[in-house]
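For reference, the chains in residue letters:
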Amino acid sequence: MVSIIGVRFKDVGKVYYFDPGSEELQIGDSVIVETSRGIECGKVAIANRQLSDDKVTVPLKKMIRKATDEDLAIVSENRKKEKKAFDICEQKIAQHKLKMKLVNVEYTFDGNKILFYFTADGRVDFRDLVKDLAYVFRTRIELRQIGVRDEAKILGGLGICGRPFCCNTFLGDFQPVSIKMAKEQGMSLNPVKISGTCGRLMCCLKYEQDVYTKLLKTTPKIGAIVDTPDGKGNVIDVNLITGILTVQLHKAPDAAPHTFEVGQVKIIKDAQIKLEKSEIERLKKLEKD
């Protein structure tokens, strides 16, 4: 067993494990730790606990110390510096006429590195920009190109549901979502209906996918041939949640279709949910990071 604490460096971000040593920490405590980026100040998201060796990568880096008032003052000062650095970087981007959008700036706790996060449609040659920024700030400069999902996570906002973005409030990591999920959930494949503010597929498509996957195993799909109490027919509509099927009976092809509960029918030949090539081409951009 290994003694650990879980630390986050952003309000909604990945939790990293550290060795707390003999310190007893509570959720919300600020701590100083060493990361691959340098010395950082983070907040405890998981208080002291024991984990089995197979759940952590050992050896864990030891926590340096619990943050002091002086440490927190440095963090506060860094936040102020980040705002100034943001304005300066935007000016430099305009001077170099680079096609990139600055999203966020982060100072490491010790001030030895400044990270500039940006989005762009393609590759950007920012070598001259880095030189300019290094001359201004006299420290290490790192520019990182991020995707539109990451931009939404950093900036936040309101989704089409009227609530704050999931990625900005509680999603630690992005879950994979696909056009196939939207198709299986019976959603209209209209980009406006299935994409979030970031322009990519809504993260919430993932939330109920396990339920839809389970229901699809026992529910006839559109196009399936089924045996009903009134005879055989083709399924022309399905409501997976309610389990109601609309069936066009073979014996009355011109009559109004009948509705049945899924438990009332027997599948003779099931159909498959397929994505047309044209649909994939039209919507493939929505799956990109």
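You'll find the structure just up there.
Below: a short report on this structure. By convention here, each chain's residues receive numbers from 1 onward along its written sequence. Predicted model: local features are reported for residues with pLDDT of at least 70 only, side-chain atom pairs are reported and counted for 80 or more only, and whole-chain, interface and lining totals are derived from all residues. Computation of side-chain values: all heavy atoms of the structure, hydrogens and water removed.

### A short note on helix 3 (residues 148–155)
- Within helix 3 the residues assigned to the buried category are Arg-149, Glu-151, Ala-152 and Lys-153.
- In what follows, residue pairs with any heavy atoms lying within 4.5 Å of each other are defined as contacts. A run of DSSP states H or I qualifies as a helix once it reaches four residues; a run of E qualifies as a strand once it reaches two. Both are numbered from the N-terminal end. Here the buried face of helix 3 lies against strand 6 (101–107), strand 7 (113–119) and helix 4 (166–169).
- Immediately downstream of helix 3, the backbone of Gly-156 shows phi near 75°, a positive value. The classification of residues rests on relative accessible area computed with a 1.4 Å probe and restricted to protein chains. Under 20% of the type maximum is buried, over 50% is exposed, and intermediate values are partly exposed.

### A word on the pairing of strand 1 (residues 2–8)
- Buried residues dominate strand 1, accounting for 5 of its 7 residues.
- Pairing between strands requires that DSSP locate at least two bridges from one strand to the other. Pairing of strand 1 with strand 2 (residues 16–18) involves 3 bridges; the strand directions are antiparallel. Within strand 2, the position partnered with Ile-5 by the bridge is Phe-18.

### Here we look at the packing of aromatic side chains
- Note on ring pairs: Phe, Tyr and Trp rings are taken, using the six-membered ring of Trp, and paired if centres are within 6.5 Å. Classes follow the plane angle, with under 30 degrees stacked, over 60 edge-to-face and the rest tilted. Scanning the model with the defined rule gives 5 aromatic pairs in all.
- For the ring pair Phe-9 and Phe-18, a centre distance of 6.3 Å and an interplane angle of 85° mean the geometry is edge-to-face.
- Seen from their ring centres, Phe-170 and Tyr-207 are 6.5 Å apart, and the 40° between their planes marks the pair as tilted. Here Phe-170, found in the loop between helix 4 and helix 5 (179–184), pairs with Tyr-207, found in the loop between helix 6 (191–194) and helix 7 (209–218); they are 37 residues apart in sequence, far enough to count as distant.
- Take Phe-170: its relative accessible area is 51%, and that puts it in the exposed class.
- Tyr-207 sits in the partly exposed class, given a relative accessible area of 42%.
- Site record: aromatic cluster; members linked through ring pairs are Phe-9, Tyr-16 and Phe-18.
- Directly above the ring of Phe-174 sits Lys-153, whose terminal nitrogen or CZ lies 5.7 Å from the centroid. Look at NZ for Lys and CZ for Arg. If either is within 6 Å of the ring centre and within 35 degrees of the ring normal, a charge sits over the ring.

The values are spatial; any link to function lies outside them.
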